[in-house]
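One-letter residues, chain by chain:
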Amino acid sequence: MPLHPSQMVERHAEASVRAALDDTRIVALVGPRQSGKTTLARKIAADEAMDFVTLDDDQYRQFANNDPTGFIRGLERAAIDEIQRAPGLILALKLAADEDPRPGRFLITGSVDLFRGAISPDSLAGRVEKIELLPFSQAEIEQCDSPEFLHRAVAGDFPALLEAGRTPDLIERVLRGSFAEAIKRKSESRRAAWLRAYARSLAEHDAVELTRISRKDGLWTLLEHAAANAGQLLNLTGMAAPLGVDAKTVDRWLTLLEHMFVVRRINAWHRNKRKRLIKAPKLHFLDSGLLAAMRGVGAKSPRRDRAGFGALLEGFVFAELAKILGRQQAAGAIRHYRDKDQVEVDFVIERDGKVVGIEVKAGMTVKPGDFRGLKRLQNATGSEFACGIVLHDGERIQRTGDRLYAMPVSLLWT
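About the cut-offs
Residues numbered from 1 in each chain as written. Predicted model: local features only at pLDDT ≥ 70, side-chain atom pairs only at ≥ 80, totals over all residues. Heavy atoms only, no water. Buried < 20%, exposed > 50% of the residue type's maximum accessible area, 1.4 Å probe, protein only. Helix = DSSP H or I, 4+ residues; strand = E, 2+ residues; numbered from the N terminus. Pairing = 2+ DSSP bridges. Right-handed = clockwise from strand over helix to strand, strands pointing away. Axes fitted to C-alpha atoms, helices over the stretch in contact; angles between N-to-C directions. Contact = heavy atoms within 4.5 Å. Core = buried A, V, L, I, M, F, W, Y, C linked by side-chain atoms within 4.5 Å. Salt bridge = Lys/Arg side-chain N within 4 Å of Asp/Glu carboxyl O.

**Q** What am I meant to see in the pairing of strand S11 (residues 354-360) here?
**A** Looking along a regular strand, one sees side chains alternate from face to face of the sheet. Burial within S11 is extensive, with six of its seven residues counted as buried. The pairing of strand S10 (residues 344-351) with S11 spans five bridges and is classified as antiparallel. Following the sheet pairing, phenylalanine 347 is matched in S11 by isoleucine 358. Sheet topology note: the S11/strand S12 (residues 385-392) ladder contains six bridges and is parallel. Across the sheet, residue valine 356 finds its bridge partner in S12, namely cysteine 387. In this fold, the crossover linking S11 to S12 by way of helix H17 (residues 372-381) has right-handed handedness.

**Q** What is the right way to read the pairing of strand S14 (residues 404-408) from this model?
**A** In terms of residue burial, S14 counts as a mostly covered element, since five of its five residues are buried. Residue alternation in S14 divides its side chains into two sets, Leu404, Ala406 and Pro408 and Tyr405 and Met407, and both sets are buried. Sheet topology note: the S12/S14 ladder contains five bridges and is parallel. Pairing of isoleucine 389 across the sheet is with tyrosine 405, part of S14.

**Q** In this structure, what is going on with the sheet that holds strand S2 (residues 51-54)? I would like to understand it.
**A** Paired through their backbone hydrogen bonds, the strands of a sheet run either parallel or antiparallel. Here we have five strands laid out as an open sheet, ordered S2-S3-S4-S1-S5, and parallel in their pairing. Among the strands making up the open sheet, the edge pair consists of S2 and strand S5 (128-132). Averaged over all adjacent pairs, the angle separating strand axes in this sheet is 15°, with direction ignored. As defined by bridge partners, S2 adjoins strand S3 (residues 78-81) across four bridges and the pair is classed as parallel. Note on S3: the bridge partner recorded for phenylalanine 52 is alanine 79. Lying over the sheet, helix H5 (residues 89-99) contacts strand S1 (26-30), S3 and strand S4 (106-110), oriented at roughly 165° with respect to S4.

**Q** Explain the nonpolar core to me, please; I cannot follow it from the model alone.
**A** Generally speaking, a soluble globular protein has its nonpolar side chains buried in company with each other. The biggest cluster of nonpolar side chains holds 101 residues, and the ones touching the most others in it are Ile80, Phe149, Phe285 and Leu321. Per-element accounting of this core gives the leading share, 10 residues, to helix H16 (residues 306-328). Excluding its chain neighbours within four sequence positions, the residues that come into contact with leucine 321 are Phe149, Leu150, Ile334, Phe347, Ile349, Ile358 and Leu412. Counting 16 residues, the second-largest nonpolar core is a separate cluster that includes Ala13, Val27, Leu107 and Leu133.

**Q** Which parts of the structure should I look at to understand the environment of valine 30?
**A** With respect to the helices and strands, the residue valine 30 is situated in strand S1. Sequence separation of valine 30 and valine 250 is 220 residues, and the distance between their C-alpha atoms is 24 Å. Beyond its immediate stretch of four places on either side in the chain, valine 30 contacts Lys37, Gly110, Val112, Leu114, Lys130, Ile131, Glu132, Leu133 and Phe261.

**Q** What is the right way to read the pattern of salt bridges from this model?
**A** Where charged atoms from two side chains of opposite charge approach closely, those side chains can pair. A full pass over the atoms with the stated rule returns 38 salt bridges. With its nearest N and O atoms 2.4 Å apart, the salt bridge here joins aspartate 58 to arginine 61. In this pair, aspartate 58 and arginine 61 both sit in helix H3 (residues 58-66), three residues apart, roughly one turn of the helix. Look at aspartate 58 and you get partly exposed, because its relative accessible area is 46%. As a salt-bridge pair, aspartate 341 and arginine 376 come within 3.3 Å of each other at their nearest N and O atoms. Pair noted here: aspartate 341 is in the loop between strand S9 (334-338) and S10 and arginine 376 is in helix H17, with a separation of 35 residues, a long-range link. With a relative accessible area of 24%, arginine 376 lands in the partly exposed category. Overlapping salt bridges bring together Glu14, Arg18, Lys43, Asp47, Glu48 and Arg77 as one network.

**Q** Got a minute to help me understand the environment of phenylalanine 371 in this structure?
**A** Among the structural elements, phenylalanine 371 can be located in the loop between S11 and H17. Along the backbone, phenylalanine 371 and threonine 400 are 29 residues apart, and their C-alpha atoms lie at a distance of 9.1 Å. In this structure phenylalanine 371 touches Val366, Val390, Thr400, Leu404, Tyr405 and Ala406, once residues within four positions along its chain are discounted.

If you want it as structure tokens, here you go:
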């Protein structure tokens, strides 16, 4: 259901930002460009009587880069948008926050992960709280409350049998992705054009501004190769060969794309005693619409090729899980499981001493073999295994075995 251009969507992260401003000197709202950071920061700044300045403005950016201390000195309480465009402000913020340690002095936004990249000094440790804002979650689009899916999964709190109905417009949801500007475009071709232009701008403009890259076309070409290999085990050497660079260069470029919230590497779940597990990471895009546009997939393709749709659906589920974890600011990373027998589980989440396995299937029916990886994970974790879930395009929640469930994809947000 496309958003109307004037429609304001309530962001689940807003409450977290406001709470952090009550007791923390600097609050950092980070996420990709066009994820809504500026809109949310403007709204909160207006409510909190804070100055709002954006470093996308040439005059502000030049002032901030030429005299960061003077720039900050003129601001008592402020929201500073796109702070990565003036990295010197980080140290100036530290000094200002130390001189006047009142909470809620600064709300900063960044389109790179300020706390993983090279532009982020450790000087803000203890002075800042980071809150991630990715593009809209399905719950936000549907204007639902923050989902309880992971809480219920950790508790194993699902009914044995319940007619829940098929996930509405699943193919459309996956292909359109979660960026507001893409969702608003009714035409599939116009949406794909915007998403590809967005990706090219990141690769050829934003990335070059952030770091020195010897080949301006390198990141764009890497993005195309990354899209073709999304959801698969990452082979840096294999990706490097067609680019004419070495594996270390690909690793460095992928790290930059991660800092820009375009892709994310998913490490393998393993324990030392499980020697037979594959330990290579997988690569996922943080927006399924962007992945679909990069692959040139239109609405008719998934209906003809459900197997090909599976990789897009897996990326869609990954993005929803990442948003849930980010919103709850919960400990526990998303990982994947794969052993030497090629038995795998798409996503493994450890939380509160429990392990949740999630497998994604594009079909409407679930077969016993779809639980093979989840059963292998269950055997490996014993009493720590909370539950295993197969998310699919079916109609009902159904318990199929001990702590094993099949359920519609929509349970992620409903």
